[in-house]
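If you want the building blocks of each chain, they are given just below.
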Amino acid sequence: MESATPETTKAAPTTCTVSHNVIVDAHVRAEFPRTWIDHMTYDAAVKGWREATPEEIGEKLEDKCKDFEEFLRDHRSQDVVSLEVVYERATLCSRCHERWEPAIDDETGETFCARCGATLAK
Ligand SMILES: [Zn+2]
């Protein structure tokens, strides 16, 4: 005799809430003086930065990052470089702490977490 298998996997009886705007990571971003980019793109692409594509500006910034790391070692430049902490935020499930991805139960119409199956508390 075969054992009965449920036709669908039901959401776990556990509940969860949605945690908005949770800091999930942090990075430092350096903003170079605009004149550095003007100079770089003018020299290298033989056109002003307004005509340069984002890809071209990106390439020049990659080069400038290497230069910047070198001049940090001798720190004689008077140019101002501002540093900023950039927070990465996300909406998370309070139970599994994964990014919130809602799913709807076809029968009950209840919302549950697609990752851990916890039903969204009302
Ligand atoms: Zn979850």
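What counts and how
Residues numbered from 1 in each chain as written. Predicted model: local features only at pLDDT ≥ 70, side-chain atom pairs only at ≥ 80, totals over all residues. Helix = DSSP H or I, 4+ residues; strand = E, 2+ residues; numbered from the N terminus. Buried ≥ 20, exposed ≤ 12 C-beta atoms within 10 Å, placed from the backbone. Contact = placed C-beta atoms within 7 Å. pLDDT = per-residue confidence, 0-100. Pairing = 2+ DSSP bridges. Core = buried A, V, L, I, M, F, W, Y, C linked by C-beta atoms within 7 Å. Expected span 1.5 Å × (residues − 1).

Undergrad: Sorry, what's going on with the overall build of the protein here?
TA: For the protein, the count of helices and strands is two helices and six strands. For the protein, the N- to C-terminal ordering of α and β elements is β-β-α-α-β-β-β-β. Among the 122 residues that make up the protein, the fraction classed as buried is 9%. The contacts of the protein with a sequence gap of at least 6 include a subset with a gap of at least 24, amounting to 55%.

Undergrad: I would appreciate a short explanation of the environment of T15 in the present structure.
TA: Structurally, T15 can be placed in strand 1 (residues 15-16). The exposure class assigned to T15 is partly exposed, which follows from the 16 C-beta atoms found within 10 Å. In contact with T15, not counting residues within four places along its chain, are A118, T119 and A121.

Undergrad: I would appreciate a short explanation of the confidence of the model for the protein in the present structure.
TA: Note that predicted coordinates carrying low pLDDT should not be read in detail. Across the protein, the average pLDDT comes to 79, with 75% of residues at 70 or higher. Confidence drops under pLDDT 50 across residues 1-6; counting only partners more than four residues distant or on other chains, this segment forms zero contacts.

Undergrad: Help me out: how do you make sense of unusual backbone geometry in this one?
TA: Among all residues except glycine, the phi angle is most often negative; among peptide bonds, the trans geometry is most common. The backbone of N21 sits at a positive phi, close to 55°, despite the residue not being glycine. With respect to the helices and strands, the residue N21 is situated in strand 2 (residues 18-31). When the 9 C-beta atoms within 10 Å are taken as the criterion, N21 is described as exposed.

Undergrad: Explain the pairing of strand 2 here, please?
TA: Regular strands place side chains that alternate from one sheet face to the opposite one. With respect to burial, strand 2 is a largely exposed element, only zero of its 14 residues being buried. Bridging between strand 2 and strand 3 (residues 82-93) involves eleven bridges; their strand directions are antiparallel. Following the sheet pairing, V22 is matched in strand 3 by A90.

Undergrad: What should I look at first to understand the environment of S82 in this one?
TA: Following the sequence through the fold, S82 ends up in strand 3. The class for S82 is exposed, based on 9 C-beta atoms found within 10 Å.

Undergrad: So what exactly am I meant to see when it comes to the nonpolar core here?
TA: Soluble, globular proteins show a tendency: their nonpolar side chains are buried together. Residues C16, L92, C93, W100, F112 and C113 constitute the largest nonpolar core, which totals six residues. Among the secondary structure elements, those contributing two or more residues to this core are strand 3 and strand 5 (111-113). For C16, the contacting residues outside a window of four places in its chain are C93, S94, R95, C113, A118, L120 and A121.

Undergrad: Could you clarify how one ought to interpret helix 2 (residues 54-74) in this entry?
TA: Since the α-helix turns once every 3.6 residues, residues separated by three or four places project in the same direction. End to end, helix 2 covers 30 Å across 21 residues, agreeing with the expected 30 Å (1.5 Å per residue, within 8%). Two residues or fewer past helix 2, H75 is found with a positive phi of approximately 30°.

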